[in-house]
Amino acid sequence: MAPTFAEATAVKATGSHTYTAHFSPEWCIGSVPHGGIVTATILRVAATHFSTTLSKQNQPHTITLHAEFLRRTRSGLANFTVKDVKLGRQTSTIHISLAQDGREEVVVYVTNANIAAESGLTLQTGWTPSPPLPTPPTDLAKLAADGEDANWVVLKDLPHPDLRKAVSRVLMHVRRGGQVAPNVVDEWVRLESGERFSMEGIGFVADVWPQMIDGLARQQRPPQQKAPEIAKKQTDDGEKIWLWYPTLVLNLDIKKMLPPEGVEWLHVRVYPKQIKNGRFDYEVVIFDQTGDIVALSHHVAMVLDGRRNTGVRGARESKM
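Rules and cut-offs
- Residues numbered from 1 in each chain as written.
- Predicted model: local features only at pLDDT ≥ 70, side-chain atom pairs only at ≥ 80, totals over all residues.
- Heavy atoms only, no water.
- Helix = DSSP H or I, 4+ residues; strand = E, 2+ residues; numbered from the N terminus.
- Rg over C-alpha atoms; globule rule 2.2 N^0.38 Å.
- Buried < 20%, exposed > 50% of the residue type's maximum accessible area, 1.4 Å probe, protein only.
- Areas by Shrake-Rupley, 256 points an atom, 1.4 Å probe, with all protein chains shown as cover.
- Lys, Arg positive; Asp, Glu negative; His and termini not counted.
- Charge placed at Lys NZ, Arg CZ, Asp CG, Glu CD.
- Phe/Tyr/Trp six-rings, centres within 6.5 Å; stacked < 30°, edge-to-face > 60°.
- Contact = heavy atoms within 4.5 Å.
- Polar contact = N/O pair within 3.5 Å; in protein donor to acceptor, adjacent residues only side chain to side chain.
- Core = buried A, V, L, I, M, F, W, Y, C linked by side-chain atoms within 4.5 Å.
- Pairing = 2+ DSSP bridges.
- Expected span 1.5 Å × (residues − 1).
- Salt bridge = Lys/Arg side-chain N within 4 Å of Asp/Glu carboxyl O.

Visitor: What is the right way to read the overall build of the protein from this model?
Guide: Helix and strand counts for the protein come out as seven helices and 18 strands. What you see for the protein is a C-alpha radius of gyration of 20 Å, in line with the 20 Å of a compact globule of 320 residues. The dimensions of the protein, computed from C-alpha atoms along their principal axes, are 60 × 50 × 40 Å. Across the 320 residues in the protein, those meeting the buried criterion constitute 47%. Carbon and sulfur atoms make up 51% of the accessible area of the protein, which totals about 15,500 Å². Of the side-chain charges in the protein, 36 are positive and 34 negative, and the distance between the mean point of each set is 5 Å.

Visitor: Looking at this model, I keep getting lost on the packing of aromatic side chains. Mind explaining?
Guide: The description of an aromatic ring pair uses the distance of the two centres, along with the angle that the planes make with each other. Summed over the entire model, instances satisfying the criterion amount to six aromatic pairs. Here the aromatic rings of Trp-209 and Tyr-282 are separated by 5.0 Å at their centres, their planes lie at 70°, and the arrangement is edge-to-face. One end of the pair, Trp-209, is in the loop between α4 (201-205) and α5 (213-220); the other, Tyr-282, is in strand β16 (residues 279-287), with 73 residues separating them in the sequence. Cluster of aromatic residues (ring-pair linked, three or more members): Trp-209, Tyr-245, Phe-280 and Tyr-282.

Visitor: Can you walk me through the environment of Ala-8 in this structure?
Guide: Structurally, Ala-8 is set in helix α1 (residues 5-8). Sequence-wise, Ala-8 and Arg-72 are 64 residues apart; in three dimensions their C-alpha atoms are separated by 18 Å. Every residue in contact with Ala-8, bar those within four places of it in the chain, is listed here: Pro-3, His-22, Trp-27, Ile-37 and Thr-41.

Visitor: Explanation requested: the environment of Ser-130 in the structure shown.
Guide: Position of Ser-130 among the secondary structure elements: in the loop between β8 (103-113) and α3 (140-146). Of the residues examined, Ser-130 reaches a relative accessible area of 66% and is grouped as exposed. C-alpha separation for the pair Ser-130 and His-49, spaced 81 residues apart in sequence, amounts to 38 Å.

Visitor: Could you clarify how one ought to interpret the side chain of Ser-92 in this entry?
Guide: Of note, Ser-92 is situated in strand β7 (residues 92-100). A polar contact is formed between the side chain of Ser-92 and the side chain of Gln-57, at a distance of 3.1 Å. A polar contact is formed between the side chain of Ser-92 and the side chain of Gln-59, at a distance of 2.6 Å. With residues near it in sequence (within four places) discarded, Ser-92 still touches Phe-50, Gln-57, Gln-59, Lys-86, Leu-87, Val-110, Thr-111 and Asn-112.

Visitor: Got a minute to help me understand the nonpolar core in this structure?
Guide: It is characteristic of soluble globular proteins that their nonpolar side chains tend to be buried jointly. Counting 68 residues, the largest nonpolar core has Phe-80, Ile-96 and Ile-286 as the members making the most contacts within it. At eight residues, helix α2 (residues 35-51) tops the list of elements feeding residues into this core. Beyond its immediate sequence surroundings of up to four residues, Ile-96 is in contact with Ile-42, Val-45, Ala-46, Phe-80, Thr-81, Val-82, Val-106, Val-107, Val-108 and Val-110.

Visitor: Is there a simple way to think about the pairing of strand β13 (residues 247-254) in this case?
Guide: Looking along a regular strand, one sees the side chains alternate between the two faces of the sheet. Sheet topology places strand β5 (residues 61-69) next to β13; five bridges connect them, and they run antiparallel. Note on β13: the bridge partner recorded for Ala-67 is Leu-250. As paired elements, β13 and strand β17 (residues 293-302) share seven bridges and run antiparallel to each other. Each bridged residue has a counterpart across the sheet, and for Thr-247 the counterpart in β17 is Ala-301.

Visitor: How should α2 be read in this particular structure?
Guide: Spacing of three or four residues puts side chains on the same side of an α-helix, whose turn is 3.6 residues. Along its 17 residues, α2 runs 24 Å from first to last C-alpha, staying within 8% of the 24 Å computed at 1.5 Å per residue. In terms of burial, α2 is a largely internal element, 14 of the 17 residues being buried.

Visitor: Which parts of the structure should I look at to understand the environment of Ile-37?
Guide: Counting through the fold element by element, Ile-37 comes out in helix α2. Relative accessible area serves as the criterion here: at 2%, Ile-37 is assigned to the buried category. The spatial distance from the C-alpha of Ile-37 to the C-alpha of Ala-116 is 26 Å, given a sequence separation of 79 residues. Not counting chain neighbours up to four residues away, the residues in contact with Ile-37 comprise Phe-5, Ala-8, Thr-9, Phe-23, Trp-27 and Phe-204.

Visitor: Sorry, what's going on with unusual backbone geometry here?
Guide: The general pattern is negative phi for most residues beyond glycine and trans for most peptide bonds. At the junction of Ser-130 and Pro-131, the peptide bond is cis and its omega measures out at 0° in the coordinates. Following the sequence through the fold, Pro-131 ends up in the loop between β8 and α3. Notably, Asn-277 is not glycine yet its phi reads approximately 55°, a positive angle. In this structure, Asn-277 sits in the loop between β15 (275-276) and β16.

Visitor: Got a minute to help me understand the pattern of salt bridges in this structure?
Guide: Think of it this way: side chains of opposite charge can pair up when their charged atoms draw near. Taken as a whole, this structure holds 14 salt bridges when the rule is applied. Here Arg-176 ties to Glu-148 by a salt bridge, and the two come within 2.8 Å at their closest N and O atoms. Separated by 28 residues along the polypeptide, Arg-176 in the loop between β10 (170-175) and β11 (185-191) and Glu-148 in the loop between α3 and β9 (152-154) bring together distant segments of the chain. The partner of Lys-255 in a salt bridge is Asp-253, with the nearest N and O atoms 2.9 Å apart. We classify Lys-255 as partly exposed; its relative accessible area is 44%. The class for Asp-253 is partly exposed, based on a relative accessible area of 25%. What you see here is one network of salt bridges that share partners, running through Glu-26, Lys-165 and Arg-169.

Structure below.
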């Protein structure tokens, strides 16, 4: 049985500034832990650090995160080392390093504050999503029970479920009539386990959605130039061909606290601005059921042959 989200992101303090976690193969893409699970675990390290070592700061909420994914992570033991960079009255910043087998693989800056105690100038900017958000589900309880309603339907039969195990841990509901634009994905998401999304869950939600690259490639490329996953299903020696979308950089800007009990549903809008030469960007906006912005995220990622994911790891390998 796959670990729950809470189990998959659990951390243990081994000192005042050191923590461990265990990445499950059931939450991986190929042999690499899903980037959203890594990000959620890092958020849990930060939450634990600010509730113990830095509890006097009274800054329990992460408001910004900047992560650089230097090398491939793997399932198994992960070690986290925290450095207190700046401790302030309103915000404090820490640096987190994730290492496995003596290799530094992810480096992160996290800034925490107390969102409940924030005060200051507030103005309306007039921003609205463009294109406008589609009509939301009318009954989320029914959508959870049936997997569909008049406007939304759960995605099934996603490609390569044996390689993209982490994606099967979340139920992604997309617009029944298709997306509002070719470069936009709107989805309503909930965890397959029935767990509710905590604040750490925002890190996972910010990195899980149906990939649009295959669809865009089908629309725009002549058959002889299609991406490997579309043109062929396996190599001449029988090895499966699939695409891997590793994140290079992930930024997260958390705007709103989730309730202590968490939330069952979040609405995610994702859109890239440019996909070029195997490198692309994603803007992610996460909304709650009321339509309030919960978080913003920006990614820089690459499109690689999936065999780069599962290949043998070298002692000094870089991610790419």
